[in-house]
Amino acid sequence: MRLDVKYVCLIMCGLFAQGQVAYKTHSAHPSPAPLYSISFERKNAVSGIDASPAIKLPFDCTSDGIVFVTMVPVGGQLHPPTFAPPPLLLVSVSPSGRTHTFPLDQPTEQLFDVREVDHYASESNVIFTIQAAKENKPVTQTYTKPDGTEGEFTRNSAEHNFYVVIFDRDGNYQKTVKLDVSIQVQQLGMFPSGVFLAFGFGEETHAPQLVMLKEDGTLLRPLQIRKGYFPESMFDTKDGSGKGSAVHIAPTQLVPRERSIIVVQNKTDYPLLEVSESGEVRKIPTHLPKGTTIEGLIPSDLNVFARVNPQTDGAIYELAGDGTVRRRFEIADNHASSGVACVYDGKFLSFEHGDGKLVPLVGTAKPSDSTVQNEPASRNPAK
């Protein structure tokens, strides 16, 4: 049984296969922004960490350049009939090579059927949103195997709830908090104050919702979102009705940005939204070329970097605070990773798998020949 790409991207020979994405399609979508080319250099493998060849993309990163890599433990298998993904392991790697792990079996509170929904890394904490049960009530059920015969499995019939498991940045378990919310939580962020921002959808309407939660997991207040900022339903279907069995949840990303959190509705025409600790929701303008959509944001210690849908463009755009495009980047080496984790200290950071280890990739951006020739010297950062 193949792993669901929603959870994991198999990387058997590093990230090279991903690097074949069409990053050379800018001629179809001209942009006046200066064009730069990113070339990656391999560094020494990260010591002390055995890397699985199955790695979840995209990577996560914080503004201090620490990259968070999610791996499937070696030997992890899917078990019928639910084929739930095996437990994932989150590892952080600093620019200096220092590592920490965040094992979800570390919490002291007894929980059953723990399933990771999402995780969120900030400058002070790493939090996991999980679904789990407080007790175990096993019941036996049957299912039909691919060969037509029947098999049995045991499931836990106890009530399952949402929890948040909190670690410090060194991988030390802090506490587990039960979430008292009426929505299906998809992502959870945490402000520096300890207040949570939850993104999810209603059980009945499937309408996207943003709510703020207190440190104890109870509701602080729902946030009012202007019409047009979110779709009417989180679900997409073949007929676009939002109803029926063939549905998938539109991907969303929460990215920390100083004391705010940016909500990214990936691969859609809906705007970036910045949510402050006070609950103010602000639309972030993005002046990208017509017809392009954001694949995801790349965390940075400076401006916002947006990865654009490879079907329309595939480049990386640096956006100033007012949404204007400062620079446009393409991956120069077809053998380099497209999974850029973050931009830190002017470098593009990523990783690949090699010989059972994590191998850092450090990318340097240089002006393309056309940029050097056509751009005035006063605007050319290389001079």
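Residues numbered from 1 in each chain as written. Predicted model: local features only at pLDDT ≥ 70, side-chain atom pairs only at ≥ 80, totals over all residues. Heavy atoms only, no water.

(A) Focus on the sheet that holds strand E28 (residues 342-344). On the basis of which strands lie adjacent, the open sheet formed by eight strands has the order E24-E25-E26-E27-E2-E30-E29-E28 and mixed pairing. Each edge of the open sheet is held by one strand with a lone partner, namely strand E24 (294-298) and E28. Neighbour to neighbour, the strand axes of the sheet diverge by 35° on average, direction disregarded. (Pairing = 2+ DSSP bridges. Helix = DSSP H or I, 4+ residues; strand = E, 2+ residues; numbered from the N terminus. Axes fitted to C-alpha atoms, helices over the stretch in contact; angles between N-to-C directions.)

(B) The sheet that holds strand E13 (residues 173-178), seen in detail. Taking strand neighbours across the sheet as the criterion, the four strands line up as E8-E9-E12-E13 in an open arrangement whose pairing is antiparallel. Sheet topology places strand E8 (112-121) and E13 at the edges, where each strand pairs with a single neighbour. Averaged over all adjacent pairs, the angle separating strand axes in this sheet is 25°, with direction ignored. Alignment of strand E9 (residues 125-133) against strand E12 (residues 160-168), held across nine bridges, turns out to be antiparallel. Within E12, the residue paired with Val 126 across the bridge is Phe 167.

(C) Molecular detail of the state of the cysteines. Scanning all chains against the criterion turns up one disulfide. The partner cysteine of Cys 61 in its disulfide is Cys 342, sulfur to sulfur 2.3 Å. Its S-S torsion of approximately 45° makes the covalent link between Cys 61 and Cys 342 right-handed. Of this pair, Cys 61 sits in strand E4 (residues 60-61) while Cys 342 sits in strand E28, placing them 281 residues apart in sequence. Overall, the relative accessible area of 4% leaves Cys 61 in the buried class. (Disulfide = S-S within 2.5 Å. Buried < 20%, exposed > 50% of the residue type's maximum accessible area, 1.4 Å probe, protein only.)

(D) The confidence of the model for the protein, seen in detail. Here the protein averages 80 in pLDDT, while 78% of its residues score no lower than 70. By mean pLDDT, the top-scoring element of the protein is strand E17 (residues 219-222) (96), and the lowest-scoring one is strand E1 (residues 9-10) (38). Here residues 372-383 is modelled with pLDDT under 50, and outside its nearest four sequence neighbours on either side it reaches eleven contacts, counting other chains as well. (pLDDT = per-residue confidence, 0-100. Contact = heavy atoms within 4.5 Å.)

(E) Spatial organisation of the pattern of salt bridges. Enumeration over the complete set of coordinates arrives at ten salt bridges. When the shortest N-O distance is used, the salt bridge between Lys 137 and Glu 135 registers 3.7 Å. For Lys 137, a relative accessible area of 42% puts it in the partly exposed group. The salt bridge partner of Glu 277 is Arg 259, with a shortest N-O separation of 2.8 Å. Of the two residues, Glu 277 is situated in the loop between strand E22 (272-275) and strand E23 (281-284) and Arg 259 in the loop between strand E20 (252-257) and strand E21 (260-265); the sequence distance between them amounts to 18 residues. Residue Glu 277 is classed as partly exposed on the basis of its relative accessible area, which comes to 23%. (Salt bridge = Lys/Arg side-chain N within 4 Å of Asp/Glu carboxyl O.)

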